[in-house]
Every structure is written in C-alpha cells, then in structure tokens.
Amino acid sequence: LWGAQLFAQAQMPLDTTTAQRLLADAKIMADSGNFAGAVKNARQAVVIWDSLYPQGNMGTVHALLRSARYYSARDQYEEALDMRNKALDVHLKIRPDNDCGLVELYWEIGGTCRELTQYAKAITAFDRSLALEKNCGGPETERSADIIGNLGYLWNLQGEYQKAIALLEQALRLRQKMTPPDSLDIALSYHHLGMVHKAIHKYDEALKYFESALAIRKSKLGEIHNHVASTYSEMGQVYTALHNYAKALECVDKESAIMEALNATDALDYVYVCYDIGRKHYLLKDFSGAALWYDRMLEIWKNKVKNPSTQLASMHTHPGSARLAMGDFEAALGHFQETKRIADMVMGPENSLSTRAEYWLANTYRKWYLTTGLDSLLEKSRVHYRLAEKGIGKAMRDDAGPNAQRKALAEAIPVFEKAINTEHLFLKKHPQDPIALENAWNTSEAAHSYLLFAATRESAARHFAGIPDAELQQDSLLRAQITALEKKREKLIQNEGLALTDAPVLEANALIYAQKNRHAELLASFEKNYKDYYQLKYERQLSSLEKTRKMLAPNQTLLEYFTGDSSIFVFVVQPTDAYLVELPMNFPLVKWVRELREGIAGYHTAKTKNEALYEKTVLQYADIAHKLYEKLLAPLSEWLTPELIIVPSESLAALPFEALLSSAPDDPGNFNTYPFVLRRHAVHYGYSATMLHQMSERKHRQASEGLLAMAPFYDRDTSGLAMRLNRDIYLRDGFSPLPYTGEEIFRAKRRMGDPALLLSGKEAAKNRFVSLAARYRILHLATHGKANHLKGDFSFLAFSPDETVSENALLSVGELYNLPINADLVLLSACETAIGEAQRGEGVVSLARAFAYTGAKSIVASLWSVNDRSTMQIMDGFYAELSAGKSKNQALVLAKRRYLEENPGQSAHPFFWAGFVAVGDMSPLKMK
C-alpha cells in the first residue's frame, strides 16, 4: 500500500528501467550524505521489483540490500535488519541455499545483529557466511579472515574467552599471510585480542596487543581518528585495572581530545568517551562529575539504540556506583534494579549481569545500613549477597573453561569480602547466631576451595566411574599432548624471544586449541555415557563448620584466613566452637611477607655474600617476623592451641607461620634466643577445610607399594668432588650435583624399610618416575625444583637428563596434572615446590598443589631454595618420627625441633629448617 501510494503520487512507471534509475539516484544521494532520500528511492525500487516479479527476483534482493545499507548509515539497524532478512527470504526462494551470493548477505545480517546486540543471531549468521565462503572462495581468503575475526569478537562478548582467542588468532594468522604487517586489519586483530586478554585479567598481554594496534592505527590513520581513540580507551581501562591511574588518566585525556576534534560528541562511539571521562572523575573522587558523564553516556545510548541490551544493563551500574559513592542510596538502587530488570529480560534468569546487580544492590544496602544502623537494611543486604553468591556458584559450576572460571572467581573476591563483612556486622548484634557464622564460613570456603576442589573431583571421577581403560588412555594422551604443545609454545616465547603475534606462536596456539576441543568432546562423552563420572565430577559439597569441628582433635585449632582489600577475616574453628574475627588491613601485608622471605633467604641464596648482608637480612627477618605475628596471630592468642592448622589466603601462602616470632628476640645474633612459633605450636597447612576433608578421605584406585625415592643429582663420580669443595653451600636449585641427596634417600629406606626402590643418577630419569609413580604409597623426590611465578603450570622438578632429548628431564606442573598418583605422602625435597604463580581467588599454582590435584593425600614441600645438608637432616628426622607412628605434622615439627637442638648458632637460622611445610592429611602412615 505504501509503495502504491508513492507511485500514484509520483505517477512513475512500474518497469525495471525506473527501478534501476531510482537505485542510481539513491547512490548519488547517499554519496552526498542524504541517506533519508536514498532510503526513499531504494524502497521505491523494491516496490517496483516486487510488483514485476511477485515470486521473487535478484533485482528485489539488490534493492532490499541497498535499502538496508542506507538504513544502517542512519543507525536505523532494526529497519536495516528487516530489509536484510527480507532479502534473504527472497534469495532462498530463487537460488539454492549454498549459492555463493549468500556469503555477503549472511555477512551483512551478522553485522546488523551485532550492532543490535543480538549476539547469538549474529554468530549464527557469521557461521553460515563462513561455511559458504570456505566452499566458494577457499579456506584462506580475506573475507574468511574478517568473518572469523567477527566471530572471535562476538564470542568474547558471550564470555567464551578460549574460543574467542582461538578465532581471533586464526584471523590474525590469515591476515598476516595476505596483508602487509602494518595493515589496519592486523591492527584490528591486535585490538580485539587485547580486549579478550583484558577480559580474562591478562593485563600485560592485553597492553602488548593494544600498543601494537595503536602503533599501526596512528601510522595509518593519524593521531585524530575514532579507532585511535578506541584503543586509548581500552588501554586506559587496563591501566585502571593495574591501579596505574596516572597512565589511565593520560589515555582518557587523549581519547577525549580526539573525539572532540572529530566533533563526534553525539555519535555512538562517544558513549565510550563518556564512560572513560566518568571513570576519570570517579578515580579523582569527583563522584558528582562522574555521575553527570555517566548520565550523558546513557542518554546517547538510549537515543541511538532503541532495543534493551546487555550493554544498556551494564551501563546502569556506572551511574549507580557514582551515586552510591555520593551517598544517594535511593538513586543508586534505582540504577542497579534497572540493570537487573534489563538483564533478566534480555538474558533470562540467573545470568551474570543479574548476579552483578545483586552484588551492587547488596553493597548499597550495606553502606546505607552503616550510615543509619537500621536492621532492615542489613537484612536486605544479607539477602542480596546470598543471591549474588548463588549466581557466582552457578557461573563456576557451568563448565565455561578454566579462563572463564578463574575470571569469575577473581571478580568474586570483592563480593565475598563484603558478604563476610555483612555477616560479621550482623554477628556483632547477634553473637550467637549460627546461620550468620555458617553463611560467612561457606563464603570463605567457596573462595578457598572452588577451583582446586572441582579439579580434584574431576580427576577422581575419571578413575572411579567405570570408564574403560582405553578411553582413560585416550584422555591421558590428549592431556599429555596439550601439555607438550603448551611447553613448546612457552619455549618459543621465552627461549626464542618470539612475540605473541608471531606466526609460530599463533600456529602453536591453534594446535593447542584444536586438542583442547578434542579433549572437551571426550569429557562430554564421559558425562553422557558414564553416570557415575557426572555425579562424581559435579559433587561439590563444601565442608560445613560442624563437619570441620568434628575433624579436629581437642588440641587442634584451624585458622582460615580470608584476605580482602580492607580487612583480613579469620575463622577460628575448634572442636567445640567457632568464631569470626576481623583484623584490620592497616599494614602492607604483601610487602611484609616479601621482606620476611628476603630476610630469611636473601643472604643464603645471594651470589655474593658478605657480613653486612648477613646482618642486614637477620635484622630484617627479626623485625618483620615479630610484626607479622602481632598482626596475624597475637589477636587470636586466646584460641591458639598446641597444634594449628593454617588455611592461608593467596597473599599468605608463601609465609612460614612457624618462623614468626612471638616477641622481639633478646639477642638478634643468637638464634637460640628466638621465640619461634615452632617452639610452642605444631603447624601444618590446608588449601581449604573442604580440601583437607577430601585429601583425608581419598581412596586410591590401586594398592600401592612402599617407598619410591629418587635422587637424580647424586652420582658417586661427582659427589666426592663436590663434597671436597664445600659440603654446606649447595642449594637445590640450578642443576649442580647434590651430594646429600643420596644419603637422604638411603636413610629414608633405612627408616621405612622394604618394599622400597631407590633410584639415583642416570637411573632417576623422568620417564622412570612417570611409569612408576602410581604404584607407590610414598614418593620422595630429592632433586632440583624451580617455581614459575608468572605461569605456575611451568614450575618444574628436574630429573636425570634423557640421553636422547635433554628437555625430557623436566617434569612440569602441567604434566603432573596428567599423572594418576596413589600416594599417601609426597615429599618434594627440592626448591620452591610449595610456591608459584599467585592467582587471585585460586591461590598459588605450585608443584605441591599439582600433586594434590592428581591424587596425593599429603605433601611436604618447600617455600624457597633449600640447603642440601640441612634438608637431609630434617628429612631423616621426619622419617624417624613417621616410623615411630607419629602423625605427619608432628613428625615434621619434631624433626625441625630436633634440628634446632642439634644445630645451634648460625645453623639454627630459619633458612635451614623453616622452608618445608606439610599440607593435607596428617594422619600417621599405615606401615606394612
């Protein structure tokens, strides 16, 4: 009817010549910026083609697509999508569904859905376009690179980060083959890769990508361009996350200046400028200024994008947070409620944005309560925190891949801290309320145990679900292949100095992703075909306070530390009661832990030693060890029993509590006068109370033999020379001979008896350990070890070099994940086996933790580079006590105390005895 009226008024003939002339005129109008006129002409052409060919014609398709493009130029994306969908319907009526002309049509539909934030529909359209492009143009074309890049960008928005990185790297690899290294397409790949790495908190990698993108964009587009501004925006957000506010503000200023120079203050891109400027005001604590810019952001978005979307829902959190900081609680609640309303409407119930909104609602009610003291506000806060935690738990249970899980848990830590704080506020008014204490405890346990507990459940599920050996072998093979590929990639980056964007690294990433996909498919088949596997894998019940209390002996106290941004919360759990204590974070915790470790190990691990350095480190240790005691243990003194079980947060994981000092030493030069915690308390550690239970209750798949002890760096041909040079200076790092390790494993066998297998020198090869490890109840590795603080999966233990491939001497954390371990005790008598990469919310990725992951009931591991001789003495004492029937924690403590008695003077320095810590099930070994 609309078309008939137009033609009646214009008295235009209904023929193909008129239709073509209308489209030609439309192009002229569009070229001059008259998109309204262009749309009108193109729509008239559509009517002509429709009237001439009611069953459909390619002329109709062409006119519809032209109409869509002109609508898009006016930001009328809904109308544009309608035109493109009609074009698709006509095209499919007259051409087969594999027609190559559909490549571009699906491409345009995908792009329009992306602009309308209909991401699932966009992905479907781009997938179809890519399939057709590969069939029509071949597997490697510029268009396929563009389509793949779009898919990577969209999967990032959907939270599928591993898939997004793989696709974006594939697009980059194709572009590197077909375009110059400084092309804008390559800059776009860098930019999008930076966005994904920012999303998963890999900020150093994100900055590298953004810097590469910025360099190309500035050289090609000049300083004044919206794409340059966009990269500055992303970099500013990364610097903000790194707390480098000076650099963040610098990026915001550059971004803002560019957009103002472009006179683009009403364009959709200016939304991101408004956000960044608002963030700048927020960082400067000008909250009213931030609110104005955030309001401007919302105004532009709502004017340009009519449909409700996840972006709009997310945007409401920013003016809400500004008004919360201003103390305008009602306005803040309005914004956060709008976030939840839109998110639920667009994404359905129990989505990540709703979880975020629940957190902000809870936080608003908590802060409102702190200003008024109204109990009703505190109750509302508690309810919303519980809902937020429920959403976080769902996100963690959904198997979205390790990167997504780590991101979710890291982002949950501030939520957990404030949730615990809220329950603590309630307990101040209601000290006997068991529900509030249990709520806080469950929150802490979730933070401490989720990822490792989930991983160990999955590991156990593989072995106890009746899965045939052939399929388990396939699982192990895929895991081993993935680890080998990851080690190869790491070698390319670390040893050969290649960048993340170099072709060999990208090719390695593609192979890794392909193998991970195959492995994911195999695990999915396990879940589908083996009911017990699914149940065991997802059985994730946290240990309650009651269960934890029942685990403890009368002389034991469990101290679980939760470290937030402003407070340290300690759960004090005893057999008959439990308490929640808040310790103020009014001291530099991370700095003090680092200084304590430097004070203990700095002199003994230094390449150049002198008396001044020794005195400096001793005094530093004595000072910090007492300060940390005063902050972490003294406030709990009324509850401290002879045995302490410490569940540390990641910031405390490298701290040897036994070496803290209950008072300043009377004579700093005489270690016999030091009031070490070790002298009064037996300390051992746990990753969480839940993991302590799991490790204690583990049932191994097969009966194990006795002791397997390996000393790869003990060889009679070299040890004699080494001992003549200096018997006391050797550390178990590097790859030098370790003269005491041979005696150490011999003493272990003498203490524990048969069955025992001792392997030293060339016999102590990695492949021997891998083939034998699952058979033994006790694994003792007296060797070199090295922690990787940047990538924990590459921490390693060293074995005797393989004669054919020297790299086969190193057993990494990543490889350990693939081994079935059936040991009651793993003794890692090497350097740095209990430390590694600290990941917020996940703890420390270390060799010790890898053995816990793969099945060990208990582990004794080291916090620094240990001394060869003193380690042998402590290990011998440890086995002596074990053979006498002592529990593992008591055995280690008694061995350390005996060492202090037998080694007075400088040999009593904590460097020589405090480095080894016991984790997990501490029950006595069952001797055969």
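What counts, and where the lines are drawn
- Residues numbered from 1 in each chain as written.
- Predicted model: local features only at pLDDT ≥ 70, side-chain atom pairs only at ≥ 80, totals over all residues.
- Heavy atoms only, no water.
- Helix = DSSP H or I, 4+ residues; strand = E, 2+ residues; numbered from the N terminus.
- Buried < 20%, exposed > 50% of the residue type's maximum accessible area, 1.4 Å probe, protein only.
- Contact = heavy atoms within 4.5 Å.
- Areas by Shrake-Rupley, 256 points an atom, 1.4 Å probe, with all protein chains shown as cover.
- Pairing = 2+ DSSP bridges.
- Axes fitted to C-alpha atoms, helices over the stretch in contact; angles between N-to-C directions.
- Parallel < 35°, antiparallel > 145°, perpendicular 65-115°, else oblique.
- Left-handed = near helix turned anticlockwise from the far one by under 90°.
- Nonpolar A, V, L, I, M, F, W, Y, C, P; charged D, E, K, R; others polar.
- Phe/Tyr/Trp six-rings, centres within 6.5 Å; stacked < 30°, edge-to-face > 60°.
- Lys NZ or Arg CZ within 6 Å of the ring centre and 35° of its normal.
- Polar contact = N/O pair within 3.5 Å; in protein donor to acceptor, adjacent residues only side chain to side chain.
- Core = buried A, V, L, I, M, F, W, Y, C linked by side-chain atoms within 4.5 Å.
- Salt bridge = Lys/Arg side-chain N within 4 Å of Asp/Glu carboxyl O.

*Asks:* It is not clear to me how the overall build of the chain should be interpreted in this structure. Could you clarify?
*Replies:* The secondary structure content of the chain amounts to 36 helices and 16 strands. Looking at the chain residue by residue over its 928 residues, the buried ones come to 56%. Long-range pairs, those at least 24 residues apart, make up 70% of the contacts in the chain with a sequence separation of at least 6. Element-wise, carbon and sulfur atoms account for 51% of the exposed surface of the chain, whose accessible area totals about 38600 Å².

*Asks:* Looking at this structure, how should I read the sheet that holds strand S9 (residues 785-786)?
*Replies:* Strand pairing in a sheet relies on backbone hydrogen bonds. The paired strands run either parallel or antiparallel. Spatially, 3 strands are ordered S9-S10-S11 in an open sheet, and the strand pairing comes out antiparallel. Each edge of the open sheet carries a strand with a single partner, namely S9 and strand S11 (810-812). Here 3 bridges tie strand S10 (residues 796-798) to S11, and the two strands are oriented antiparallel to one another. Note on S11: the bridge partner recorded for phenylalanine 796 is serine 812.

*Asks:* Help me out: how do you make sense of unusual backbone geometry in this one?
*Replies:* Glycine aside, a negative phi is what most residues show, and trans is what most peptide bonds show. The residue after aspartate 754, namely proline 755, is reached through a cis peptide bond having omega 0°. Here proline 755 lies in the loop between helix H31 (739-752) and strand S7 (756-760). The backbone of histidine 243 shows a phi angle near 65°, a positive value even though the residue is not glycine. Mapping histidine 243 onto the fold places it in the loop between helix H12 (226-241) and helix H13 (245-261). Histidine 243 sits in the exposed class, given a relative accessible area of 57%. Of note in this structure, lysine 285 is not a glycine but carries a positive phi near 65°. Relative to the elements of secondary structure, lysine 285 occurs in the loop between helix H14 (270-283) and helix H15 (287-304). A residue is classified by how much of its surface remains accessible, and lysine 285, at 64% relative accessible area, is exposed.

*Asks:* So what exactly am I meant to see when it comes to the packing of helix H10 (residues 184-199) against H12 here?
*Replies:* A pair of packed helices can be characterised by two numbers: the angle between their axes and the separation between those axes. Contact pair H10 / H12: the axes reach a minimum separation of 11 Å and the direction vectors enclose 20°. Between H10 and H12, the crossing angle belongs to the class labelled roughly parallel. Of the two possible hands of crossing, H10 and H12 adopt the one that is left-handed. Contacts between H10 and H12 involve His191, Met195 and Lys198 from the first element and Ser230, Thr231, Glu234, Gln237 and Val238 from the second. Here the contact of H10 with H12 is built from residues that sort into 2 nonpolar, 4 polar and 2 charged.

*Asks:* How should the packing of aromatic side chains be read in this particular structure?
*Replies:* Any two aromatic rings considered together are summarised by their centre-to-centre distance and by the angle between their planes. Scanning the model with the defined rule gives 21 aromatic pairs in all. Both rings, one in tyrosine 561 and one in phenylalanine 657, keep their centres 5.7 Å apart while their planes meet at 40°; by these two values the pair is tilted. Here phenylalanine 657 lies in the loop between strand S4 (643-647) and strand S5 (682-685) and tyrosine 561 lies in strand S1 (residues 556-563), a separation of 96 residues in the sequence. Phenylalanine 657 shares its class with tyrosine 561; the two are buried. Linked through ring pairs, Tyr621, Phe671, Tyr674, Phe676 and Trp913 together constitute an aromatic cluster. A cation over a ring is seen here: arginine 143 above tryptophan 107, with NZ or CZ 5.7 Å from the ring centre. Here lysine 163 stacks its cationic end above the ring of tryptophan 155, 4.1 Å away from the centre of that ring.

*Asks:* Explanation requested: the side chain of serine 233 in the structure shown.
*Replies:* Structurally, serine 233 is set in helix H12. With a relative accessible area of 5%, serine 233 lands in the buried category. Once you skip the residues sitting within four places of it in the chain, serine 233 turns out to touch Glu255, Tyr272 and Asp276.

*Asks:* What should I look at first to understand the pairing of strand S2 (residues 567-573) in this one?
*Replies:* The side chains of a regular strand alternate, residue by residue, between the two faces of the sheet. Counting buried residues along S2, 7 of its 7 residues qualify, which places the element largely inside the surrounding structure. Side-chain alternation along S2 places Ser567, Phe569, Phe571 and Val573 on one buried face and Ile568, Val570 and Val572 on a second face that is also buried. Pairing of S1 with S2 involves 6 bridges; the strand directions are antiparallel. Within S2, the residue paired with glutamate 560 across the bridge is phenylalanine 571. Hairpin geometry of S1 and S2 is characterised by an intervening segment of 3 residues between the two adjacent antiparallel strands. Across 7 bridges, the pairing between S2 and strand S3 (residues 578-584) is antiparallel. By the bridge assignment for S3, isoleucine 568 is matched with leucine 583. Linkage of S2 to S3, two consecutive antiparallel strands, is achieved through a turn of 4 residues.

*Asks:* Sorry, what's going on with the side chain of aspartate 475 here?
*Replies:* Topologically, aspartate 475 is positioned in helix H23 (residues 469-494). Assessed through its relative accessible area of 1%, aspartate 475 is described here as buried. A polar contact of 2.6 Å, which involves the side chain of aspartate 475, links it to the side chain of histidine 519.

*Asks:* Help me out: how do you make sense of the nonpolar core in this one?
*Replies:* Soluble, globular proteins show a tendency: their nonpolar side chains are buried together. Counting residues in hydrophobic clusters, the biggest one holds 116 residues, and the most contacted among them are Tyr561, Phe657, Phe769 and Phe851. The dominant element in this core, judged by the number of residues it contributes, is helix H28 (residues 611-632), at 9 residues. The residues contacting phenylalanine 769, other than those within four sequence positions of it, are Leu708, Met710, Leu779, Leu781, Phe799, Leu811, Leu819 and Phe851. Grouped together as the second largest cluster of nonpolar side chains are 65 residues, Met83, Ile148, Leu151 and Leu154 included.

*Asks:* Mind showing me how you'd approach the pattern of salt bridges here?
*Replies:* For the structure shown, the criterion picks out 44 salt bridges. A salt bridge links aspartate 99 to arginine 95; the shortest N-O distance between them is 3.8 Å. Among the ionic pairs, glutamate 546 bridges to lysine 550, the shortest N-O distance being 3.3 Å. Residue glutamate 546 and its partner lysine 550 are located together in helix H26 (residues 545-551), separated by 4 residues, close to a single helical turn.

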